[in-house]
Amino acid sequence: MSSTLGRRGLLAGALALPVLTALPARAASWQLRWNPSPGSTGLNAFEGIEDDRAGSHPGVTHIYPQGDAYRFDMHLRDRDSATDRQRQEVRGMRQNGTVLNWKNGETWKLTYQMFIPGSLKATTSFTHVFQTKMPGTGTSPLTVMSLRHTGGKATLEFKVFEPEVLVGRVDLAPLQNKWIDVEIEQRIGNSGRVRWILRDGGTTVIDAAKNGDTYLSDVIRPKWGIYRSLSDTAHLQDCHLLLRNLKGYQYV
């Protein structure tokens, strides 16, 4: 009898399994996807390099790593394939050989530092230092950060390109000839959203957000460099742009 009860007791104990509870879902957060190093990654950090693609300045390299930064040189003689403008840009993000495209419905954030020398001036036409675009030729930008001379003064602005949604605009002069911190957050979609933050040391210069159309079709990719019109000759000269500490995050 005692042995039978003992077996039943063991059986009962074996059947009394602990109650399992579901683990809570992980909260969405920013995940680092892209973290290039000019010294080790070099220009392989980008999907493509648009260095004098029209061959207007042969024998000269305009985009290259310099110390811990990426440098973009622009000379007055440089021309893009459309001869009324100039372009020295990189496009896309590449991590460990894989291109990181931005897709409809996703949210991405870029952080980096930018040095705008006094020689790179705002113009009354377009001078873009950042864009997001769909791959291929003939499509307009989706968002742009630009040096624009407006209202009689030089400014740095960010726009959702169509239909001309101004996210924010600040005076350019106090931000030149020093490293400033840039943060761009972009939700991809026809009902998208952009947040633009600039910091000068410990001071937040602007933190602004607007809704707008940030998607055409296919995928979206960021572009950095100097892309400017030649129409405002009064504000054009040889110049350069420096970028460092580039990082890309996806919200998942």
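Just above, that's the structure.
Position numbers for residues count from 1 along each chain, tracking the sequence in the order it is written. Predicted model: local features are reported for residues with pLDDT of at least 70 only, side-chain atom pairs are reported and counted for 80 or more only, and whole-chain, interface and lining totals are derived from all residues. Note that water and hydrogens are dropped before the side-chain values are worked out from all heavy atoms of the structure.

A. Up close: the packing of aromatic side chains. Two rings belonging to Phe, Tyr or Trp (six-membered ring only in the last case) form a pair when the distance between their centres is within 6.5 Å. Interplanar angles under 30 degrees mark stacking, angles over 60 mark edge-to-face geometry, and anything in between is tilted. A complete count under the given rule lists twelve aromatic pairs for this structure. Summarising the aromatic geometry, the rings of Phe 46 and Tyr 70 are spaced 5.0 Å apart at their centres and angled 70° between planes, so their arrangement reads as edge-to-face. Within this pair, whereas Phe 46 is found in the loop between β1 (30–34) and β2 (48–51), its partner Tyr 70 is found in strand β4 (residues 69–74), the two being separated by 24 residues in sequence. A single burial state applies to Phe 46 and to Tyr 70, both of which are buried. Aromatic side chains Phe 158 and Trp 196 sit 5.8 Å apart centroid to centroid with 35° between the ring planes, which places their arrangement in the tilted category. In this pair, Phe 158 sits in strand β11 (residues 153–160) while Trp 196 sits in strand β14 (residues 192–200), placing the two residues 38 residues apart along the sequence. Of the two residues, Phe 158 and Trp 196, neither departs from the other in class, the shared state being buried. Each helix is a run of DSSP H or I of at least 4 residues and each strand a run of E of at least 2, with the numbering of both proceeding from the N terminus. Three labels apply to residues, based on accessible area from a 1.4 Å probe with only protein chains included: buried if under 20% of the type maximum, exposed if over 50%, partly exposed otherwise in between.

B. Spotlight on unusual backbone geometry. Residue Glu 162 is joined to Pro 163 through a cis peptide bond whose omega torsion reads 5°. Take Pro 163: it is sitting in the loop between β11 and β12 (165–171). For Glu 164, which is not glycine, the phi dihedral falls at a positive 60°. Since its relative accessible area comes to 47%, Glu 164 is described here as partly exposed. With a phi angle near 55°, Asn 245 is a residue other than glycine that sits in the positive phi range.

C. Inspection of the pattern of salt bridges at higher detail. Salt-bridge detection follows one rule: a side-chain nitrogen of Lys or Arg within 4 Å of a carboxyl oxygen of Asp or Glu. Per the stated rule, a full pass over the model turns up 20 salt bridges. With a closest N to O distance of 3.0 Å, Glu 50 and Lys 223 form a salt bridge. Within this pair, whereas Glu 50 is found in strand β2, its partner Lys 223 is found in strand β16 (residues 221–229), the two being separated by 173 residues in sequence. Assigned by exposure class, Glu 50 and Lys 223 land together as buried. Linking Arg 87 and Asp 80 is a salt bridge whose minimum nitrogen-to-oxygen distance equals 3.2 Å. Both residues of the pair, Arg 87 and Asp 80, count as buried. A single network of salt bridges, built from pairs that share partners, joins Glu 50, Arg 53, Asp 80, Arg 87, Glu 89, Arg 91 and Lys 223.

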